[in-house]
Amino acid sequence: MKYNKTVLLNLLICIILGKFAPAARAQSLSLSLTPPLTEVMIKPGKAISQTFTLINNGDDTLIKAEFKTLNENGNLSDQEEKIIPWLEIASPSLVAEPFLFKKGEQLKLVVNIHPPADTPQQDYYQSLAFITLPVAGRHTQSNISQILVSPILISVTESGLPKSAKIAKFNFPSIIDSFDSLNIDLVLKNTGRAFFHINGQLLLKGLIGRAKYPIIPRIHLSGQEREILLDSPQTKRISGFFLGKYSLIADFALDEGSIKIVEEKVFFALPWKLLVILTVIIIFSLAWNKYRTNPK
Amino acid sequence: MIKTLKYSLILIFGFCLLNLRPSLAGAQDMSSESYQLQGGNFNITSESGTSSPARLIDQIGQTSAQIFSAKGILLQSGFLNKASGSSLNFTVNPVIVNFDPLTAGEAVYKDIFIVVENGDFPGYSVLLSQNQPLTSQTGEQIPDTVCDALKNKPCSVYKSNLWQEKLSYGLGYHVKSQNTPREFNKEYFFRPFSSLSKKELPVVFMQSVEKKIKNSAVVTLKLHLSPQQAISIYQNELIFTAIPGI
């Protein structure tokens, strides 16, 4: 009886301690950045500012902010000489040096964009990067560093830079089975001097009906060759039942619609897999009937 | 025989009639016989509000071209300002991967957890690289894995491969996530980190084109030490970079 009481008491203590003890966890880096992207169209000699908000949802960390350039594919580039001098952190002034960014803290950072009057008229692809500094230790270890990037896409122009694009790839099978999905390989190249958003849809025209498949309005940087993706879970595939001849029309507009890109291709759909199965069934039925009527 | 053919034909026709129209997708265009509205800048205000240090342009009643020619400036945060009320959240856990205690010939596995969350602005990419291979203070290095190259299954920074051989040493990683290219996800498949010290480009290991999503991944590090490796403290830096899907 006494033994049972001891066991129960121990169990109760364990439950209470387990309930109220703080959960043990590893340190984490967790940053939230707003806005994730800034697009600026600006005349030489004008100035504008943008405010970025960074929140530390993880543990205390050392962090710094710096500008980095983006290449034509929108990835970070090491070319420091391409960082433009008229992009500046206005406040707070010391964020370029590592500072302690505490858990739950919020940082408002103002960036000034002021291209001088003689700035060449073209696109400048820059970014503001927040970089955490790794923690050193005395073990064999990998130290983690986190970089959170907010691209800043700038068009310096007096009256708008020329925009143009061409479809670099528009491939899908010419003949498909009626029950199969149509896999589309569609790539657009930005041949102009400025970035743009691509808007529009793929239009599917059949003998009876037609259907529209809107695309994701992604950004195409100058010189970039990029896939066009459908705004659906299957970004490169159209599903359904197809029969006969179909036209698939790529119908896009650059930005607000003044420049159009249109291309049309044809494919045919037949239920050939079903026909093969039915043929096999019919042949077997015939053979079976023949065998039943004349077993020898 | 005729009966079978009859039933087969009825089956085909029935199926075709039921499925002849491809499924309609919801387009954002509004149209009738006399008009068609396409998505563009349907603005609501025409003034720009300025306060120090923030500046807000709310586009009411003017197109972006009109605003630009009038003011010489146009600021947008993403597609039709979709990014202005949006954020990119990026979490990496833990901040240190401790491989100790290490025993030569025995592989050590450690996990790093990644979470990416975005808002209205679609897409993101997460890239991974290391500053250098695991290096001691005297400059000794633990090599990057080449996977089971001894069995003609080599891996590289851009291609994973099987790594199970007991005589294959080094450091490599494997990723498990729904938003990771398939070649990362295969079981027992690893690859070395791209090294900034070797001028290699960071590798995209997690990506999406969707908006309002929260994706996670587990990056598993494998360290397999050779018996010939000098005893020392080896360290490097793993760099995780998150970029919105522009």
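Residues numbered from 1 in each chain as written. Chains lettered and ligands numbered in written order. Predicted model: local features only at pLDDT ≥ 70, side-chain atom pairs only at ≥ 80, totals over all residues. Heavy atoms only, no water.

1. Things to note about the UniProt feature "transmembrane region" (unreviewed entry) in chain A
Taken from the UniProt record, the annotation "transmembrane region" (unreviewed entry) applies to residues 266–288 of chain A. Across residues 266–288 of chain A, the secondary structure splits into 74% helix and 22% strand, with the terminal C-alpha atoms separated by 42 Å. (UniProt positions renumbered as here; feature names shortened; annotations may be inferred. Helix = DSSP H or I, 4+ residues; strand = E, 2+ residues; numbered from the N terminus.)

2. Points about the state of the cysteines
Covalent bonding between the sulfur atoms of two cysteines defines a disulfide. Residue and element names in this part refer to chain B. Evaluated as defined, the whole model comprises 1 disulfide over all chains. Across the disulfide, C147 is cross-linked to C155 (sulfur-sulfur distance 2.1 Å). Looking down the S-S bond of the C147 and C155 bridge, the torsion is 90 degrees, so its handedness is right-handed. For the residue pair C147 and C155, the accessibility class agrees, reading buried in each case. (Disulfide = S-S within 2.5 Å. Buried < 20%, exposed > 50% of the residue type's maximum accessible area, 1.4 Å probe, protein only.)

3. Brief notes about the sheet that holds strand β11 (residues 165–171) of chain A
All names here are of chain A. Sheet architecture is open: 3 strands sit in the order β11-β14-β18, paired in antiparallel fashion. Each edge of the sheet is formed by a strand with only one pairing partner; in this case those strands are β11 and β18 (225–227). Here the average twist between neighbouring strands, direction ignored, is 25 degrees. (Pairing = 2+ DSSP bridges. Axes fitted to C-alpha atoms, helices over the stretch in contact; angles between N-to-C directions.)

4. As for the packing of aromatic side chains
Under the criterion given, the structure shown has 15 aromatic pairs over all chains. With centroids separated by 5.1 Å and ring planes inclined at 85 degrees, the aromatic side chains of W86 of chain A and Y124 of chain A adopt a geometry described as edge-to-face. Taken together, the residues span a long stretch of sequence, with W86 of chain A in the loop between β5 (76–77) and β6 (87–91) and Y124 of chain A in strand β9 (residues 123–132) at a distance of 38 residues. No difference in accessibility class separates W86 of chain A from Y124 of chain A, as the two residues are buried. Plain terms: the ring middles of Y173 of chain B and F193 of chain B are 4.4 Å apart, the flat faces sit at 15 degrees to each other, and that makes the pair stacked. Placement of Y173 of chain B in strand β13 (residues 170–176) and of F193 of chain B in the loop between β14 (189–190) and β15 (203–208) is noted, with a sequence separation of 20 residues between them. (Phe/Tyr/Trp six-rings, centres within 6.5 Å; stacked < 30°, edge-to-face > 60°.)

5. Quick word on the pattern of salt bridges
Side chains that differ in sign of charge can pair as their charged atoms come close. Residue and element names in this part refer to chain A. Per the stated rule, a full pass over the model turns up 10 salt bridges over all chains. Salt-bridge contacts for D180 lead to K273; the nearest nitrogen and oxygen are separated by 3.1 Å. Of this pair, D180 sits in the loop between β12 (175–177) and β13 (182–183) while K273 sits in helix α2 (residues 272–293), and the two are 93 residues apart along the sequence. The exposure class assigned to D180 is partly exposed, which follows from its relative accessible area of 28%. Residue class for K273 comes out partly exposed when judged on its relative accessible area of 35%. In this structure, a network of salt bridges that share partners links the residues K64, E66 and K68. (Salt bridge = Lys/Arg side-chain N within 4 Å of Asp/Glu carboxyl O.)

6. Side note on the pairing of strand β6 (residues 88–93) of chain B
Bridging between strand β1 (residues 29–34) of chain A and β6 of chain B involves 5 bridges; their strand directions are antiparallel. Residue pairing for β6 of chain B: L33 of chain A is matched across the bridge by L88 of chain B. Pairing of β6 of chain B with strand β8 (residues 108–118) of chain B, which is carried by 6 bridges, proceeds in the antiparallel orientation. Paired with N93 of chain B across the strands is F113 of chain B, a residue of β8 of chain B.

7. Observations concerning the interface of chain B and chain A
In this complex, chain B contributes 74 residues to the contact, which on the side of chain A involves 81 residues. A combined buried area of about 6,800 Å² lies between chain B and chain A, and 61% of that area is made up of carbon and sulfur atoms. For the pair chain B and chain A, the number of links is 0 salt bridges. For the pair chain B and chain A, the number of links is 25 residue pairs in polar contact (both at pLDDT 80 or more). Those elements that provide at least two residues to the side of chain B that touches chain A are α1 (2–19), α2 (64–71), β5 (73–76), β6, β7 (96–98), β16 (214–224) and β17 (235–244) of chain B. For the side of chain B that touches chain A, the element with the most residues is β17 of chain B, which contributes 10 residues. Looking at side-chain class alone, the side of chain B that touches chain A contains 43 nonpolar, 26 polar and 5 charged residues. (Contact = heavy atoms within 4.5 Å. Buried area = accessible area lost by both parts, 1.4 Å probe. Polar contact = N/O pair within 3.5 Å; in protein donor to acceptor, adjacent residues only side chain to side chain. Nonpolar A, V, L, I, M, F, W, Y, C, P; charged D, E, K, R; others polar.)

8. What to know about the nonpolar core
Across soluble globular proteins, nonpolar side chains have a tendency to be buried as a group. I154 of chain A together with I112, I114, F205, V219 and F240 of chain B are the most contacted members of the largest nonpolar core, which has 64 residues in total. Broken down by element, this core gets its largest block of residues, 5 residues, from strand β10 (residues 141–156) of chain A. Look past the residues within four positions of I114 of chain B in its chain and what remains in contact with it is F90, T91, V92, F205, M206, N215, S216, A217, V219 and F240 of chain B. F172, L188, Y246 and A250 of chain A belong to the second largest nonpolar core, which has 28 residues in total. (Core = buried A, V, L, I, M, F, W, Y, C linked by side-chain atoms within 4.5 Å.)

9. Quick notes on the environment of P154 of chain B
Residue and element names in this part refer to chain B. Structurally, the position occupied by P154 is in strand β11 (residues 153–154). A residue is classified by how much of its surface remains accessible, and P154, at 41% relative accessible area, is partly exposed. As a C-alpha pair, P154 and F190 span 36 residues in sequence and 9.8 Å in three-dimensional space. In this structure P154 touches V146, D148, A149, K159 and N161, once residues within four positions along its chain are discounted.

10. Some points on unusual backbone geometry
Residue P92 of chain A follows S91 of chain A across a cis peptide bond; omega there is -10 degrees. By secondary structure assignment, the location of P92 of chain A is in the loop between β6 and β7 (99–101). Cis geometry is adopted by the peptide bond preceding P101 of chain B, which originates at D100 of chain B and carries an omega value of -5 degrees. Position of P101 of chain B relative to the elements: it lies in the loop between β7 and β8. Residues other than glycine seldom take positive phi values, yet C147 of chain B does so here, at roughly 60 degrees. Counting through the fold element by element, C147 of chain B comes out in strand β10 (residues 147–148). Its relative accessible area of 1% is what places C147 of chain B among the buried residues.

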